[in-house]
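A closer look at the structure
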Amino acid sequence: MIPLLFLVVFAEGVVAFLLLVKIGPLRDLVIKGLDQVKVGKGPATVKTIAGTMSVILLSNFFSIVKIQNKGAKIGTMTPMDQVLWRTHLLEASLMGFCLFLGFLIDRMHHYLRKLMGIRGTIGASKEEIERLTKEKMQLKEKEEKATNEMKLLQNEVSYLKENMNKLKLESEEKDKRIETAESHVAALQKQSADLLLEYDRLLEDNQNLQTQGFGYRT
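Since the model is a prediction, treat every value here as computed from it, not as a measurement.

**Some details on the environment of T48**
- Residue position: T48 is located in helix α3 (residues 42-74).
- A distance of 2.8 Å separates a polar atom in the side chain of T48 from the backbone oxygen of A44.

Listed below in structure tokens is the structure:
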């Protein structure tokens, strides 16, 4: 059983070393293997093996204590008791170390899984932050573009207002000119009417004079 325990300790040591030190894809392979062990009946099997080893460890511990008590009563241990004591001690040490390495591997696997999950979350958060930053930059560019367009529209509105004011002033000036022209036309019409009246009066006077002159001749 001792060679088997040495083999198990060596295998667990290699697994723990690969979990501690990342060598190429070996850590990922070990983690995937442990994931498979913890799926289905794996956890129950591991617990059964650990429980059996714990029982054997306690049995060895009691055997060591029993041999020591026997030697204490006799005053010395026989060579056979010494061999059994050393065998039980070695088996107990190896089993205890196996259980310790198994617990250590389980905790390392658990925390590495958590670390990988946290890294994945951090990576997703970074991508989300980058996406939001890009959207923010795009919104800022759109806002600047809209601001520039608003300024251009304000300038156009100001220009149109100035043109409207100019046109209004020109219209008022033209209205004044029209009023002045209409007044002038009215004055000319009145003057023309007066001249016509005067012309008619002169014609009438002329006719009267001609009539009087013709009477004198007669």
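**Focus: the layout of surface pockets**
- Computed from the structure, the largest pocket encloses a volume of approximately 810 Å³.
- The set of elements that each furnish at least two residues to the lining of the largest pocket consists of α1 (2-20), α2 (26-37), α3 and α4 (79-217).
- Broken down by element, the lining of the largest pocket gets its largest block of residues, 7 residues, from α3.

**Remarks on the nonpolar core**
- Ranked by size, the top nonpolar core spans 9 residues in total: A16, L18, L19, V30, I31, L34, I105, M108 and L112.
- Residues in contact with M108, not counting those within four places in the same chain, are A16, L19 and L20.
- Membership of the second largest hydrophobic core comes to 8 residues, among which are I2, L5, V9 and L101.

**Re α2**
- Between the first and last C-alpha of α2 there are 16 Å, a value that for 12 residues agrees with the 16 Å anticipated at 1.5 Å per step.
- Along α2, the positions that sit buried rather than exposed are R27, V30, I31, L34 and D35. End-on, the buried residues of α2 take up no more than an arc of 140 degrees, which puts them together on one face. Facing away from the buried side of α2 by more than 90 degrees, the exposed set consists of L29, K32 and Q36.

**Points about the pattern of salt bridges**
- If you walk through the whole model with that rule in mind, you get 6 salt bridges.
- We note a salt bridge from R201 to D205, for which the minimum N-O separation is 3.0 Å. Taken together, the residues R201 and D205, both in helix α4 and 4 residues apart, mark about one turn of the helix.
- By relative accessible area, D205 is classed as partly exposed at 32%.
- Three or more residues are tied together by salt bridges with common partners; here these are E128, R131 and E135.

**So, the environment of F100**
- One can find F100 in helix α4.
- What makes F100 partly exposed here is its relative accessible area of 46%.
- Placed 88 residues apart in sequence, F100 and E12 show a C-alpha to C-alpha distance of 9.8 Å.

Cut-offs applied
- Residues numbered from 1 in each chain as written.
- Predicted model: local features only at pLDDT ≥ 70, side-chain atom pairs only at ≥ 80, totals over all residues.
- Heavy atoms only, no water.
- Helix = DSSP H or I, 4+ residues; strand = E, 2+ residues; numbered from the N terminus.
- Polar contact = N/O pair within 3.5 Å; in protein donor to acceptor, adjacent residues only side chain to side chain.
- 1 Å grid on protein atoms, 1.4 Å probe; cavity = no way out; pocket = protein on both sides within 12 Å on 5 of 7 lines; lining within 4 Å.
- Points joined across faces, edges and corners; volume = space filled by probe spheres on them.
- Core = buried A, V, L, I, M, F, W, Y, C linked by side-chain atoms within 4.5 Å.
- Buried < 20%, exposed > 50% of the residue type's maximum accessible area, 1.4 Å probe, protein only.
- Contact = heavy atoms within 4.5 Å.
- Expected span 1.5 Å × (residues − 1).
- Arc of directions from axis to C-beta.
- Salt bridge = Lys/Arg side-chain N within 4 Å of Asp/Glu carboxyl O.

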